[in-house]
Amino acid sequence: DFQALQNAFENDHTAQIQLFLFDLPYLNGFDLRNVRLDSRREVLGEVLKKASNPLHFSKSLELSGAQLLKNACDMKLEGLIGKRPGAPYQSTRSRDWIKLKCVQRQEFVIGGYTDSKRPTPDTFGSLLLGVHADDGRLRYVGKVGTGFTETSLRRVMAKMKPLARDTMPFDEFTGEKPSRAMHWIEPKLVGEVTFSAWTTAGHIRHSSFQGLRTDKQANGVIAELPARTPQTTTAKRRAAKSSAREIIVTHGDRVIDPKTGFTKQQLVDFYQLTAPRLLPHLSDRPVSLVRAPAGIDGPLFFQKHLDTVKVAHLRELDQEFFPGHPPLIAVDTEIALLACAQMNVIEFHTWNAGLGDNQHPDRMIFDLDPGEGITWKQIQNAAQLLKAMLDKLELVSFLKTSGGKGLHVVIPLQPQYSWETVKDFSAAIVRHLAKTLPTLFVAKSGPRNRVGRIFIDYLRNGLGATTASAWSVRARPGLGVSIPVEWDELSDLTGGNHWTVSNAAERLDNRFKKVWAAYGKSGQSLDNAMTILGFDVSG
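What you are looking at is a predicted structure, and each value in this text was computed from that prediction instead of being measured.

Draft legend 1. Highlighting the sheet that holds strand E26 (residues 454-457). Taken together, the six strands give an open sheet; going across it, the order is E25-E26-E22-E24-E23-E28, and neighbouring strands pair in mixed fashion. Each end of this open sheet is capped by a strand with a single partner; those strands are strand E25 (441-442) and strand E28 (484-485). Across six bridges, strand E22 (residues 363-370) lies against strand E24 (residues 407-412) in antiparallel orientation. Within E24, the residue paired with Asp367 across the bridge is His408. On top of the sheet, helix H8 (residues 376-392) reaches E22, E24, E25 and E26; it is set at about 155° to E22, its chief contact.

As structure tokens, this is what we get:
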């Protein structure tokens, strides 16, 4: 009970508080953070054998995660923490420590409040809440107006009064505005709130205030999503164990991105976590690899074949697939994916044709490539204008972040036209947009041509050209990830690297399973589109 704990401290009624200790990152001047968790806890248990009330050792629970979580929820507890026994201590979020929640609960930054029904100097109606996005901006996520006692109302109001300000601290106010007058404060206070769910628009439902968090810094508050309990089949568990046995990660502590401190082992873990989403985009196409043996600040190597660096578990395609060239590569299993990550592969790029038909592309891709001086808002507008034209051409299109600066627009096709025809038609679309809106679009590549304008890259539709796959990490500072999104999410994106390795796992939540659900069913002919645009196939 958060408020009961707070009251105990403020009223000096702390005699009955018990402290359960669960980890030991340091002991007697020795740094134990690189020691396995189970070994650190064994040492902690020995230390605490000599301790007396109120210190206790927090024991492990050895039942299955699913059964433990059910028991916790039946007991109306908040949830559980799951920990990987062999993991080192990390001062960041990772898959080694996961939250398994019965109810959603986290900290939020308080950016303001509304008047109560009967305004008095010491009360308010609801608190206006926010979380920080990756770029540091404070995003509004909703309000909380229940869960307060008379004491907590006065306590919170007393904290807010000295922080009053005239301007809104949120980047923008999204969603339905409260009906009562709003007042803004400096975003320095942190409140603990329970709620039922996140909406697709990124707001919280059915919230209830639990208390202020004086132990949390406001600038570190971000949106949290709980991990799901594993519900794997025996076959999947065996496959996972097999992968773990066969892939030995060397130099796992090597930092591959100095900006985030992300390590090679964390990259392997990320690709193992996201493999179910990434592999469907890789398994039926030739794949090219971007390797970074010395990290992303070192030389990057683009690899299409296995003639230079051998990677275990990858499959070489028949040379007849691309005559006159060394065999191309297929990445179609989880163990192959992890073997790539072990060999310092950061990015996965794919062809526009499937393995069953290399002569006829089954998709058309446009890469919105911004020039110098282009704002993110202009990129968003450009994507909407491109979609509007594709709609006019009666072509269903799908959107994804690039993981870098821009966006990718993908059009699934029936494999009926040649590479040359699809590329020429995509170029015709870009030329039409550039002619219609010359101040925003340019049809020629090159940095000089793109100053203050956006080049919609159609060159990726040529034979042998590739594009970063959906769910691929990008070898850029921050390690952005290319993530499929719905068109109605476009306005909420903060950049082409809206998702990174640090937060992309939130897209694995069940709420996002339907994103691109129709992609595999949307292969479409270009016949009508060519007729509408007046494109001459013979030419």
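Draft legend 2. Structural context of helix H3 (residues 65-74). Those residues of H3 that sit buried are Leu68, Leu69 and Ala72. Each buried residue of H3 sits inside an arc of 100° when the element is viewed along its axis, so together they form one side. Those residues of H3 that are buried are in contact with strand E5 (79-83) and strand E6 (97-101). A positive phi of about 65° marks Lys76, the residue just after H3.

Draft legend 3. The arrangement of unusual backbone geometry in detail. The linkage connecting Asn53 with the following residue, Pro54, adopts the cis geometry, with an omega of 5°. Along the chain, Pro54 turns up in the loop between helix H2 (37-48) and strand E4 (55-57). For Asn28, which is not a glycine, the phi torsion comes out positive at approximately 50°. Take Asn28: it is sitting in the loop between strand E2 (26-27) and strand E3 (30-31). At His206, a residue that is not glycine, the phi angle is positive and equals roughly 50°. With respect to the helices and strands, the residue His206 is situated in the loop between strand E13 (204-205) and strand E14 (208-212). With relative accessibility at 66%, the residue His206 sits in the exposed group.

Draft legend 4. Local environment of a negative patch on the surface. Together, Glu172, Glu486, Asp488 and Asp492 give the surface a local cluster of negative charge. Among the secondary structure elements, Asp492 is positioned in the loop between E28 and helix H10 (527-533).

Draft legend 5. H8, seen in detail. Taking 1.5 Å as the rise per residue, H8 with 17 residues should run 24 Å; its terminal C-alpha atoms sit 25 Å apart, in good agreement. Of the positions making up H8, those classed as buried are Trp376, Ile379, Gln380, Ala382, Ala383, Leu386, Lys387, Met389 and Leu390. Packed against the buried residues of H8 are E22, E24, helix H9 (419-436), E25, E26 and H10.

Draft legend 6. The side chain of Gln106, seen in detail. If you trace the backbone, Gln106 turns up in strand E7 (residues 104-114). Taking the relative accessible area as the measure of exposure, Gln106 reaches 1% and is therefore buried. Once residues lying within four places of it in the same chain are set aside, the contact partners of Gln106 are Lys101, Val131, Gly191, Glu192, Val193, Phe195, Trp198, Val221, Ile222, Ala223 and Glu224.

Draft legend 7. Summary view of the environment of Thr467. Residue placement: Thr467 occurs in strand E27 (residues 467-468). Counting along the chain gives 118 residues from Thr467 to His349, while the straight-line C-alpha distance between them is 5.0 Å.

Draft legend 8. Spatial organisation of the nonpolar core. Formed by 83 residues in total, the largest nonpolar core has its most connected members in Tyr271, Val331, Phe348, Met364, Phe366 and Phe425. The next biggest cluster of nonpolar side chains, apart from the first, holds 33 residues, and it includes Tyr113, Leu127, Phe170 and Ala218.

Draft legend 9. Examining the layout of surface pockets more closely. Roughly 460 Å³ of internal volume is contained in the second largest pocket. No other element matches helix H6 (residues 264-282), which puts four residues into the lining of the second largest pocket. Classifying every residue of the lining of the second largest pocket gives ten nonpolar, two polar and seven charged.

Draft legend 10. Broad picture of the packing of H6 against helix H7 (residues 334-342). The geometry of H6 relative to H7 is characterised by a closest axis approach of 9 Å and an angle of 140° between their N-to-C directions. Between H6 and H7, the crossing angle belongs to the class labelled oblique. Considering only the axes of H6 and H7, their crossing is right-handed. Facing Lys264, Val268, Tyr271, Gln272, Ala275, Leu278, Leu279 and Leu282 of H6, the residues of H7 in contact are Glu334, Leu337, Leu338, Ala341 and Gln342. Taken together, the residues of the contact of H6 with H7 sort by class into nine nonpolar, two polar and two charged.

Draft legend 11. Representation of the confidence of the model for the chain within the structure. The pLDDT averaged across the chain works out to 87; a share of 94% of its residues lies at or above 70. Taken together, the stretch residues 227-245 has pLDDT below 50 and engages in 14 contacts with residues farther than four places along the chain or on a different chain.

Scoring rules and cut-offs
Residues numbered from 1 in each chain as written. Predicted model: local features only at pLDDT ≥ 70, side-chain atom pairs only at ≥ 80, totals over all residues. Heavy atoms only, no water. Pairing = 2+ DSSP bridges. Helix = DSSP H or I, 4+ residues; strand = E, 2+ residues; numbered from the N terminus. Contact = heavy atoms within 4.5 Å. Axes fitted to C-alpha atoms, helices over the stretch in contact; angles between N-to-C directions. Buried < 20%, exposed > 50% of the residue type's maximum accessible area, 1.4 Å probe, protein only. Arc of directions from axis to C-beta. Patch = residues over 30% accessible without salt bridge, like charges linked within 9 Å, V, L, I, M, F, W, Y side chains within 5 Å. Areas by Shrake-Rupley, 256 points an atom, 1.4 Å probe, with all protein chains shown as cover. Salt bridge = Lys/Arg side-chain N within 4 Å of Asp/Glu carboxyl O. Lys, Arg positive; Asp, Glu negative; His and termini not counted. Charge placed at Lys NZ, Arg CZ, Asp CG, Glu CD. Expected span 1.5 Å × (residues − 1). Core = buried A, V, L, I, M, F, W, Y, C linked by side-chain atoms within 4.5 Å. 1 Å grid on protein atoms, 1.4 Å probe; cavity = no way out; pocket = protein on both sides within 12 Å on 5 of 7 lines; lining within 4 Å. Points joined across faces, edges and corners; volume = space filled by probe spheres on them. Nonpolar A, V, L, I, M, F, W, Y, C, P; charged D, E, K, R; others polar. Parallel < 35°, antiparallel > 145°, perpendicular 65-115°, else oblique. Left-handed = near helix turned anticlockwise from the far one by under 90°. pLDDT = per-residue confidence, 0-100.

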